[in-house]
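Tertiary structure, described
Listed here are the chains, written in short residue letters.
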Amino acid sequence: MQSNKDAKDDSDEMEIIPSEHNGTVHDTKNEDSGDIHRAEENQKSSIDPNLYLYDDDLATRPHISTFISSIANYENTIPAATDPDAKPAAPSARMGTLIGVFLPCIQNIFGVILFIRLTWVVGTAGAVCGFLIVLTCCCVTMLTAISMSAIATNGVVPAGGSYFMISRSLGPEFGGAVGMLFYTGTTLAAAMYIVGAVEIVLTYMAPWASIFGDFTKDADAMYNNFRVYGTLLLIFMGLIVFVGVKFVNKFATVALACVILSIIAVYVGIFDNIHGNEKLYMCVLGKRLLKDIPIENCTKEDSFLRDIYCPEGRCEEYYLANNVTKVKGIKGLASGVFYDNIFPSFLEKGQFISYGKNAIDIENTNDQTYNQIMADITTSFTLLIGIFFPSVTGIMAGSNRSGDLADAQKSIPIGTICAILTTSTVYLSSVMFFAGTVDNLLLRDKFGQSIGGKLVVANIAWPNQWVILIGSFLSTLGAGLQSLTGAPRLLQAIARDEIIPFLAPFAKSSSRGEPTRALLLTICICQCGILLGNVDLLAPLLSMFFLMCYGFVNLACAVQTLLRTPNWRPRFKFYHWSLSLIGLTLCISVMIMTSWYFALIAMGMAIIIYKYIEYRGAEKEWGDGIRGMALTAARYSLLRLEEGPPHTKNWRPQILVLSKLNDNLLPKYRKIFSFATQLKAGKGLTICVSVIKGDHTKISNKAVDAKSTLRKYMTDEKVKGFCDVLVAQQIGEGLSSVIQTIGLGGMKPNTVIIGWPYSWRQEGRNSWKTFIQTVRTVAACHMALMVPKGINFYPESNHKIGGNIDIWWIVHDGGLLMLLPFLLKQHRTWRNCKLRIFTVAQIEDNSIQMKKDLKTFLYHLRIEADVEVVEMNNSDISAYTYERTLMMEQRNQMLRALGLNKKENSKVVQTIMDFKETPSDNKMSLVQTIVDHHYDATKTASKVRFADPTIEEIQHHDSQNDEKRNSIDLDGPENGDAPESTSNKDESTEKADGGDFKSSVKPDEFNVRRMHTAIKLNEVIVEKSQDAQLVIMNLPGPPREVRAERESNYMEFLEVLTEGLEKVLMVRGGGREVITIYS
């Protein structure tokens, strides 16, 4: 059947093609279409016949075979800097688990603390507490490794190591903070390794090299030596890293070999000395450990001790009361010394190291120390955790080489966990072996001063102490070089992510592809650590940074799992979210227990970096878990808000700004955004929406451009919120849809801001129809409405103004008029303004009581404002009111009868409102003459006139009379002062009564009453509030009848009501109370 179908298709084509050439006249258009047709057929011939249905999609959506091939050939390494003169590099060897992960982790975990501090930790904390210290630290790293394994097996591991894994899981803010903590910890680790290496050389290998004298008698001299030699060693190592990274990588192998051989030598020595040895003896006075006493002089009969304790013939009391004994330092596993080392021996700084906790033995009652060894720091269980914890860091060394691994998802979990198990076994067994081999006093002698400045671990090892001394020195150097090599590259990776702007200079590499700038900064920070000069101070500090980093790794996994992120599908089988939470809890607990002030430093640094990235950093979307957590929290909050309407005390304006766009798709009134910012004072929800007329399928690009422009305006005016653009066939329908559907759940806007249609007279019915329809829709949705008039005169957000904000409280519609000025005064622009509240009293009202009640009401509302009650008498409706009403009605009748379009409408309006060239005996009474006459006489104090601030003069070639038209709509100061008139209101009324105004038409009583209200209120408001910075008043409701005359009259009433006022805010409540006197 397929062949028949193909044959049929071919026959159809054969019938079509000749038909194009059978005609006697060749049609060029037909020939072109034939060429296009054949081109399309040729293109389709390259597509599988089974995929013709998707031929339009293949240009942008690749075929499955192509897609799968690109995924299979994905390269996860970051290309290195290329040298144009270099030879083509050979393919990089893809490392396995042992070489790529296990051994690098072993090298980085085993560090200087193992050799120079572990015996002291065991002696001070005892076997039990020492075992718990090591176990706690190992549990932190094991739980973190499990979480890291889950991250590593959740998709292809990117090159760049731990920072990339963490940042892509936690997002740019947390990722940048963790990256900087990790960088700081790695840099301080280099400082600790350098100080440790100097300590090994000066204390145990070459004490004669001391610059500041005998450091065994002065701790400050020892630390000054560390600072000087540490600085020199840092400069030397920095030059090595700068000149050649190849040497560092080759030396890493030597350092690893030294670490392994040293540990083997220690284990062999422990079992070789199972019965102890005679190499090391200590001199003990009573129960106190002595230093710098030759073992042959360790007796009271010898004058050496007598000269020390009995200067000038008076002997020290403790010396007289106790004997001097020689104690074997290394007693061996068979001696049972383990039982003496079970319990802790924590001391205060300055107390003597002795057997037991008897105050007589440990307290120093004299000014002299008499060669007795004292505790140089106050020790505790938590402090020892902080000092030892750097010994278990380095678990991320394997993940840092993720780009060089053959199978990172397999190698990282197995290699890292096996390395942690191996090192944990070594550490835990060492605690037990040291406690069972070495005397308690010698374990607590931190610098080996009782045995002539020898390293305890070195004297346990087989065959000689130099195996440990040289091995520990070289391994420490190697670890320091690795830190100085890795830290600058980590900083460069953070800088290249562009999430921390001030790090941009460190993203650049040298001509050799090396991060030279980052290396210089790393050396400077490392030097600051070296200046501390003490491993016991550096170790807790860098522990904080690593603990913060490990805590964030656990947090990332827990968040991803608990949020059930669809992309979170780790292959690692032994992971559970509870393990991550336990790991996070352990990290935080260890931080606080170890050193609360160092913990605050690390947390403060993380918070500062987080906030800096949040406000100044580049916006990155990495599909991270924090974004998912924010989404989940938002969903939870929205569902809670959906349970019911907010209480009056919790009501706050959630603003929807309806911004009109001009022909260039730019917002017509920029200051409407400023006003929204001032009203919200930077808080709450603001949504800005514009509606474009047209077909969305045809002008979708314009909508996108308009949205980006809208977003830019919001950013410039510091409006915190969202924006969108809707394309609709009719503007009014689009606005109605937006008002009804915008928002989500309880976060729907409750207040709408819409601009005043300044050119409603010129544009005709469409303009006011859209405005009134929007007002009706807002009312139907029970939302509050604000209409700022004279928006271009409103102040900028960066300006401060003084004066009065006048509230004209005509009717009560929920108290919004009281709340708005209070909210405006929260912003610095309006903060210096004073509130004045005016209310209108009729003849039958008690004005004094009204003022008293209003003051009481404001007192309970906690709002400070001046109160004034304006009395309005029931005066008769003036002739002027009838005349103005008649003019309004006649204008509507003319436009309806003529059926004019928009342009003609504008011309007729101009003609109606032009009174200078109109003869007095015109058959149609031009009531506008009387209107202008009246206002020129009664309101000469105000030259404020409203016009569309964005529209220039319509016709520049019109006559001077045309320029002076619309005296009510054009701004007097900008367009020339209105012509002065000597007539007054009475004269104009006389004219009307005397026959100059003759008309047989009687105005509608409904319109007359409303016009009377507008005129009388306007006169009072202009009199009282002409100089106010802002006038807030009630917006009258739109007419219930949907008739053009009623709607046009409504717009005229509003114009009359606000005439003579520069900045007006008309407000209409949503029908519910928004302010309350109750707490």
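Read on for a plain summary of the structure. (Residues numbered from 1 in each chain as written. Predicted model: local features only at pLDDT ≥ 70, side-chain atom pairs only at ≥ 80, totals over all residues. Heavy atoms only, no water.)

Some points on the pattern of salt bridges
What counts here: For this analysis, a salt bridge means a side-chain nitrogen from Lys or Arg found within 4 Å of a carboxyl oxygen belonging to Asp or Glu. Secondary structure elements follow DSSP: runs of H or I of four or more residues count as helices, runs of E of two or more count as strands, with numbering from the N terminus.
Scanning all chains against the criterion turns up 15 salt bridges. The salt bridge involving Lys446 is made with Asp376; its shortest N-O contact spans 3.0 Å. Taken together, the residues span a long stretch of sequence, with Lys446 in the loop between helix H15 (440–444) and helix H16 (456–460) and Asp376 in the loop between helix H12 (359–362) and helix H13 (381–388) at a distance of 70 residues. Across the pair Asp724 and Lys707 runs a salt bridge whose closest N-O atoms are separated by 4.0 Å. In this pair, Asp724 sits in strand E6 (residues 722–728) while Lys707 sits in helix H24 (residues 696–716), placing the two residues 17 residues apart along the sequence. Among the charged side chains, a salt-bridge network with shared partners connects Arg117, Glu199, Asp376, Lys446 and Asp536.

Some words on helix H29 (residues 847–860)
What counts, and what does not: Expected helix span is given by 1.5 Å per residue-to-residue step, counting one fewer step than there are residues. Burial status follows relative accessibility: with a 1.4 Å probe on protein chains alone, a residue under 20% of its type maximum counts as buried, one over 50% as exposed, and anything between as partly exposed. In this context, the arc is that of the directions from the helix axis out to the C-beta atoms.
Counted at 1.5 Å a residue, the expected span for H29 with its 14 residues is 20 Å, and the 20 Å between its end C-alpha atoms agrees. The complete set of buried residues in H29 reads Ser847, Leu854 and Leu858. Around the axis of H29, the buried residues are gathered within 35 degrees of arc, so they sit on the same side. Opposite the buried face of H29, at more than 90 degrees from it, the exposed residues are Ile848, Lys852 and Tyr859. Backbone geometry just after H29 places Arg862 at a positive phi near 60 degrees.

Thoughts on the state of the cysteines
Filter applied, for reference: When two cysteine sulfur atoms are found within 2.5 Å, that pair is recorded as a disulfide.
All chains considered together, the criterion is met by two disulfides. Between the sulfur atoms of Cys283 and its disulfide partner Cys298 the distance amounts to 2.0 Å. For the disulfide bridge between Cys283 and Cys298, the dihedral angle about the S-S bond is near 90 degrees, and by the sign convention the bridge is right-handed. Taken as a pair, Cys283 in strand E1 (residues 281–285) and Cys298 in the loop between strand E2 (288–289) and helix H10 (303–309) lie far apart in primary sequence, 15 residues in all. Each member of the pair, Cys283 together with Cys298, is buried. Put simply, Cys310 and Cys315 are joined by a disulfide, and their sulfur atoms are 1.7 Å apart. Handedness here is read from the sign of the S-S torsion; for Cys310 and Cys315, about 110 degrees, the answer is right-handed. Cys310 sits in the buried class, given a relative accessible area of 12%. Each disulfide of the protein chain joins two cysteines, and with those cysteines numbered along the sequence the arrangement is 1-2, 3-4. You can see Cys524 has no disulfide; the closest cysteine sulfur is in Cys528, sitting 7.4 Å from it. Cysteine Cys723 is unpaired, with the sulfur of Cys688 as its nearest cysteine sulfur at 7.1 Å.

Side note on helix H25 (residues 731–741)
Because the α-helix completes a turn every 3.6 residues, residues three or four places apart line up on one side. Along H25, the residues classified as buried are Gly732, Gly734, Leu735, Ser736, Val738 and Ile739. Remark: Gly743 follows H25 within two positions and exhibits a positive phi of approximately 95 degrees.

With respect to the packing of helix H4 (residues 97–109) against helix H9 (residues 245–272)
This is how it is decided: Between N-to-C directions, angles span 0 to 180 degrees; the directions come from axes that are lines fitted to C-alpha atoms, helices contributing only their stretch in contact. Throughout, the term roughly parallel applies to angles under 35 degrees, roughly antiparallel to angles over 145, roughly perpendicular to angles from 65 to 115, and oblique to all others. In this scheme the crossing of two helices becomes right-handed for a clockwise turn of the near helix relative to the far one and left-handed for an anticlockwise turn of less than a right angle. We call two residues in contact whenever any of their non-hydrogen atoms come within 4.5 Å of each other. Any residue outside Ala, Val, Leu, Ile, Met, Phe, Trp, Tyr, Cys, Pro, Asp, Glu, Lys and Arg is labelled polar, Gly included; the first ten of those are nonpolar and the last four are charged.
With their axes 10 Å apart at the nearest point, H4 and H9 run at an angle of 70 degrees to one another. Of the possible angle classes, the one that applies to H4 and H9 is roughly perpendicular. The element H4 and its partner H9 pack so that their crossing is left-handed. Contact with H4, carried on its side by Leu103, Ile106 and Gln107, involves Ala252, Ala255 and Leu256 of H9 and no other residues of that element. Taken together, the residues of the contact of H4 with H9 break down into five nonpolar, one polar and no charged.

Some thoughts on the sheet that holds E1
Stated formally: Each pair of strands is called paired provided DSSP finds at least two bridges between the two strands.
Across the sheet, three strands lie side by side as E2-E1-E3; this open sheet has antiparallel pairing. Of all the strands in the sheet, just E2 and strand E3 (324–328) have a single pairing partner and so form its edges. As paired elements, E1 and E2 share two bridges and run antiparallel to each other. Paired with Val284 across the strands is Leu289, a residue of E2.

Some remarks on the environment of Lys748
Heads up, the condition is: Throughout this description, a polar contact denotes any pair of N or O atoms lying within 3.5 Å of each other; where both atoms belong to protein, one of them has to be capable of donating a hydrogen while the other can accept it, and for residues adjacent in sequence the pair is counted only when both atoms sit in side chains.
Along the chain, the position of Lys748 falls in the loop between H25 and strand E7 (751–754). Given the relative accessible area of 34%, Lys748 is considered partly exposed. For the pair Lys748 and Ile687, spaced 61 residues apart in the sequence, the C-alpha separation amounts to 9.6 Å. Once residues within four sequence positions are removed from consideration, Lys748 is found in contact with Gln654, Gln740, Thr741, Ile742 and Gly743. At a separation of 3.4 Å, a polar atom in the side chain of Lys748 contacts the main-chain carbonyl oxygen of Gln740.

Concerning the packing of aromatic side chains
Basically, it comes down to this: Here the aromatic set is Phe, Tyr and Trp, taking the six-membered ring for Trp, and pairing holds for ring centres within 6.5 Å; pairs whose planes are under 30 degrees apart are stacked, those over 60 apart are edge-to-face, and all others are tilted. Any Lys NZ or Arg CZ found within 6 Å of a ring centre and within 35 degrees of that ring's normal is scored as a charge over the ring.
Evaluation of the coordinates by the stated rule reveals 21 aromatic pairs. On the basis of an interplanar angle of 40 degrees and a centroid distance of 6.2 Å, the ring pair of Phe546 and Tyr550 is categorised as tilted. Within this pair, Phe546 and its partner Tyr550 are both found in helix H19 (residues 535–562), separated by four residues, close to a single helical turn. An identical accessibility class is assigned to Phe546 and Tyr550; each is buried. Ring geometry for Trp756 against Phe771: centres 5.4 Å apart, planes inclined by 75 degrees, an arrangement best described as edge-to-face. One end of the pair, Trp756, is in the loop between E7 and helix H26 (760–763); the other, Phe771, is in helix H27 (residues 765–780), with 15 residues separating them in the sequence. For the residue pair Trp756 and Phe771, the accessibility class agrees, reading buried in each case. Ring pairs connect the aromatic residues Phe182, Phe389, Phe546 and Tyr550, which therefore count as one cluster. A cation over an aromatic ring shows up here: Arg288 above the ring of Tyr318, its NZ or CZ 3.7 Å from the ring centre. The ring of Trp120 has Lys446 sitting right over it, with the charged end atom 4.3 Å from the ring centre.

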